Amino acid sequence: MSNDYYKKISLFGESLLKAMVSLTQLVKIHMDNNDVLKDAVQNFIQLVEKSGQGTADISIHLMWGLFYFQEEKLHLRPANTRIFNHLMQFIENRGIYGFHIQSRLKDVPFRKIVMFFRLLNQAKNNEDPSTWLTIKLEENNLNWVSVVLSPLSQAGVTFPTSDEISRRDELEMKKAQVRKSYSYLLGAVQEVAGKVSSNQPAGMRKSVRLVQKMVDLIAEDEPLFLGISTLRIFDDYTFVHSLNVAIISMCLGKRIGLSRNTLERLGLCGLFHDLGKVEIPKQILNKQGMLNEEEHKLIKTHSMHSARLILKLKSKRERRTRILVPPLEHHMGYDHSGYPKVSTGSRISLFGRILTIADVYDAITSPRIYRPSAMSPDKALSHMTSQSGTHFDPILLKVFANMVGVCPIGTLLKLDTGETGIVMKPSKSDDPKRPIAQLIIQGAKQTYEKGVIVDLSEKDSETGAYRRSILERMHPSSMRIQAASFLV
Ligand SMILES: [Fe+2]
Ligand SMILES: [Fe+2]
């Protein structure tokens, strides 16, 4: 499958999902003769016709927490997270798994298209929404569209029965769960930040539930989470960063044996550690070039704001107060040489010390608008080691270094075979310099595709020499690669 084809499909898929979400909302507030609604239907028709060129119908399927458009997986990007989450829940609430839409809609009357979206909305109020919907589509002769009622054969993919599930399928399923939790949680943080910045009451029930789920998943497969925490996005930096800090902190917390409940609290601290950034003007947060003194001062107030805003969240007082101090402390430094200069006790709290490590690691390995190339994970680690005992708790930093290893997950590798790979998991052998890597191969027009997965500790059975060795370790951004999309 060429990359151009995939790009085109993704673009159409995303636009179509957006158009459908907007139609489900517009039909709630407009009568059939409304111009905005007419334009939205027109846009929908055009998108369907363009994306269905050459095929009789187009398919949208929800499977394992992912959307498939024309049987191609649509990738999760922060820019589409909200739409995906919204539509996913919308579809799940109606007990359906997607749609088949006839690709020629020109002759379908406008009112029959609007009617479908009205019925979709109404279906939720029925006991058995999917059956009700199917009957209504038939009754009203809406044969331009059908709903997918089962996740099985109609999706064009055969699901294995439980005893047929191979290890590979299990891994794919786990990856889908990880992606789903990541995307839901990203949406939850964005929602809280959005409400807080517009002075609306914001609760954290959803975040708590999602963090609990994440703790369970991390217990099952830590490398997958460290893999997805390599997601780097410029325009949504703060939210992606907050989520990454939460994940890295929870993984570190797990390493030092924290209990499940404690990990949940730590995760929430990570999620909200930079909440105070909603008070800092975007021009300053994303400023290219040096900040002046005033701007620096302003940025440094964000951890105080985080604590203040957490206190304002709608939640049990006890829960709020327990996650308040670590965000306030995350820039203070182990030796208290950072900011703000307020006392939270003679020692920075354990969570505060963990957040400091996770925060710096994610920040310096993230390319930013004003700094397109970032430190490679291994360089970041040695940079941080130079501040062991000053900015970082030396013992925790050692545990962290052990956790991410000499070749941290997400590091881009140049191999002596001329191949390129991304570190996927720590080594199976005892040699930390020989991790398991996902090879990537060059596709068309400087894009990359997944190759095979290789174990760098593998030796040639005849010569006894290693099959592959690392020549160079780099940051994925040096090749404009998003590590997370190759790992999870
Ligand atoms: Fe911060
Ligand atoms: Fe941060």
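Our subject is the structure that appears above.
Now for a description of the structure that goes with this document. Everything numeric in this text was worked out from a predicted model, so none of it was measured. (Residues numbered from 1 in each chain as written. Chains lettered and ligands numbered in written order. Predicted model: local features only at pLDDT ≥ 70, side-chain atom pairs only at ≥ 80, totals over all residues. Heavy atoms only, no water.)

On to the overall build of the protein chain. Helix and strand counts for the protein chain stand at 19 helices and 10 strands. Over its C-alpha atoms the protein chain spans a radius of gyration of 25 Å, differing by no more than 12% from the 23 Å that the globule rule assigns to 488 residues. Across its three principal directions, the C-alpha atoms of the protein chain cover 70 × 65 × 45 Å. Going through the 488 residues of the protein chain one by one, you find that 52% of them count as buried. Taking as baseline every contact in the protein chain between residues at least 6 positions apart, the subset at least 24 positions apart corresponds to 68%. Accessible area for the protein chain stands at about 23,500 Å²; split by element, carbon and sulfur atoms hold 51% of it. Taking the average location of the 65 positive side-chain charges in the protein chain and that of its 50 negative ones, the two points are 6 Å from each other. (Helix = DSSP H or I, 4+ residues; strand = E, 2+ residues; numbered from the N terminus. Rg over C-alpha atoms; globule rule 2.2 N^0.38 Å. Buried < 20%, exposed > 50% of the residue type's maximum accessible area, 1.4 Å probe, protein only. Contact = heavy atoms within 4.5 Å. Areas by Shrake-Rupley, 256 points an atom, 1.4 Å probe, with all protein chains shown as cover. Lys, Arg positive; Asp, Glu negative; His and termini not counted. Charge placed at Lys NZ, Arg CZ, Asp CG, Glu CD.)

F44, I101, W144 and F400 are the most contacted members of the largest nonpolar core, which has 129 residues in total. Listed in part, the eight residues of the second largest apolar core include C407, V423, L439 and L456. (Core = buried A, V, L, I, M, F, W, Y, C linked by side-chain atoms within 4.5 Å.)

Moving on to the sheet that holds strand β6 (residues 412-415). Backbone-to-backbone hydrogen bonds join strands into a sheet, with any given pair of strands oriented parallel or antiparallel. The strand order across the open sheet formed by five strands is β9-β8-β7-β6-β10, and the pairing between neighbours is antiparallel. Taken across any chain shown, the strands that pair with only one partner, and hence form the sheet edges, are β9 (448-455) and β10 (470-474). Across this sheet, the average inter-strand angle for adjacent strands is 35 degrees, counted without regard to direction. The pairing of β6 with β10 spans four bridges and is classified as antiparallel. (Pairing = 2+ DSSP bridges. Axes fitted to C-alpha atoms, helices over the stretch in contact; angles between N-to-C directions.)

This part is about the coordination of the iron ion (ligand 1). For the iron ion (ligand 1), the protein coordination sphere consists of D274 (OD), H302 (NE2), H330 (NE2) and H331 (NE2), at 2.1 to 2.3 Å. Considering all four donor atoms around the iron ion (ligand 1), the spread of angles at the metal, 81 to 166 degrees, places the coordination shape in the irregular class. Coordination of the iron ion (ligand 1) draws on donor residues from a single chain, spaced D-x27-H-x27-H-H in sequence. Between the two metal centres, the iron ion (ligand 1) and the iron ion (ligand 2), the spacing is 3.2 Å, with D274 acting as a shared donor. Of this pair, D274 sits in the loop between α10 (260-272) and α11 (282-285) while H302 sits in helix α13 (residues 302-312); the two residues are 28 residues apart in sequence, bridging distant segments of the chain. What makes D274 buried here is its relative accessible area of 3%. (Donors = N, O, S within 2.8 Å, 3.2 Å for Na, K, Ca; no water. Tetrahedral: all angles 85-135°; square planar, octahedral: opposite > 155°, others 65-115°.)

Right, let's get into unusual backbone geometry. Note: most peptide bonds trans; most residues except glycine with negative phi. Across the junction of Y339 and P340, the peptide omega takes the value -10 degrees, indicating a cis bond. A positive phi angle, near 60 degrees, is found at N199, a position not held by glycine. For N199, the position within the fold is in the loop between α6 (167-197) and α7 (205-220). Despite not being glycine, H336 shows a phi value in the positive range, around 60 degrees. Overall, the relative accessible area of 28% leaves H336 in the partly exposed class.

By the definition in use, this model includes 19 salt bridges. For D216, the salt bridge is made with R260, and the minimal N-O distance between the two is 3.0 Å. Here the residue D216 occupies a position in helix α7, and R260 occupies one in helix α10, the gap between them amounting to 44 residues. Using a relative accessible area of 39% as the deciding quantity, one classes R260 as partly exposed. Here E264 and R260 are joined by a salt bridge, their closest N and O atoms 2.9 Å apart. Taken as a pair, E264 and R260 lie in helix α10 at a separation of four residues, close to a single helical turn. Linked through salt bridges whose partners overlap, the residues forming this network are E191, K195 and K206. (Salt bridge = Lys/Arg side-chain N within 4 Å of Asp/Glu carboxyl O.)

Following the sequence through the fold, R317 ends up in helix α14 (residues 317-322). Taking the C-alpha atoms as reference points, R317 and P367, 50 residues apart in sequence, are found 37 Å from one another.

Note on aromatic pairs: each is described by the distance of the centres and the angle between the planes. Taken as a whole, this structure holds seven aromatic pairs when the rule is applied. On the basis of an interplanar angle of 90 degrees and a centroid distance of 5.4 Å, the ring pair of F44 and F117 is categorised as edge-to-face. Here the residue F44 occupies a position in helix α2 (residues 35-51), and F117 occupies one in helix α4 (residues 110-123), the gap between them amounting to 73 residues. Since its relative accessible area comes to 0%, F117 is described here as buried. Ring centres of F44 and W144 lie 6.0 Å apart, and the angle between their planes is 70 degrees; this geometry places the pair in the edge-to-face category. Of the two residues, F44 sits in helix α2 while W144 sits in the loop between α5 (129-139) and β5 (145-147), which places them 100 residues apart along the sequence. (Phe/Tyr/Trp six-rings, centres within 6.5 Å; stacked < 30°, edge-to-face > 60°.)

For the rest of this paragraph, the subject is the sheet that holds strand β2 (residues 66-69). Taken in spatial order, the five strands make up an open sheet running β3-β2-β1-β4-β5, and their pairing is antiparallel. This sheet does not close on itself; its edge strands, each paired only once, are β3 (72-73) and β5. In terms of strand pairing, strand β1 (residues 57-63) meets β2 through four bridges, oriented antiparallel. The residue bridging I60 from the neighbouring strand is F69, located in β2.

At 2.0 to 2.3 Å from the iron ion (ligand 2) lie its protein donor atoms, namely H241 (NE2), H273 (NE2), D274 (OD) and D359 (OD). Considering all four donor atoms around the iron ion (ligand 2), angles at the metal cover 82 to 178 degrees and the coordination shape is irregular. Each donor residue of the iron ion (ligand 2) lies on one chain, and together they are spaced H-x31-H-D-x84-D.

Before going further, it helps to spend a moment on the packing of α10 against helix α16 (residues 350-364). Packing of α10 against α16 brings their axes to within 10 Å, and their N-to-C directions diverge by 50 degrees. Taken as axis vectors, α10 and α16 run oblique relative to one another. Note that α10 runs across α16; the crossing there is right-handed. For the pair formed by α10 and α16, the contact residues are T262, R265, L266, C269 and G270 on the first element and F351, I354 and L355 on the second. When grouped by side-chain class, the residues that make up the contact of α10 with α16 number five nonpolar, two polar and one charged. (Parallel < 35°, antiparallel > 145°, perpendicular 65-115°, else oblique. Left-handed = near helix turned anticlockwise from the far one by under 90°. Nonpolar A, V, L, I, M, F, W, Y, C, P; charged D, E, K, R; others polar.)

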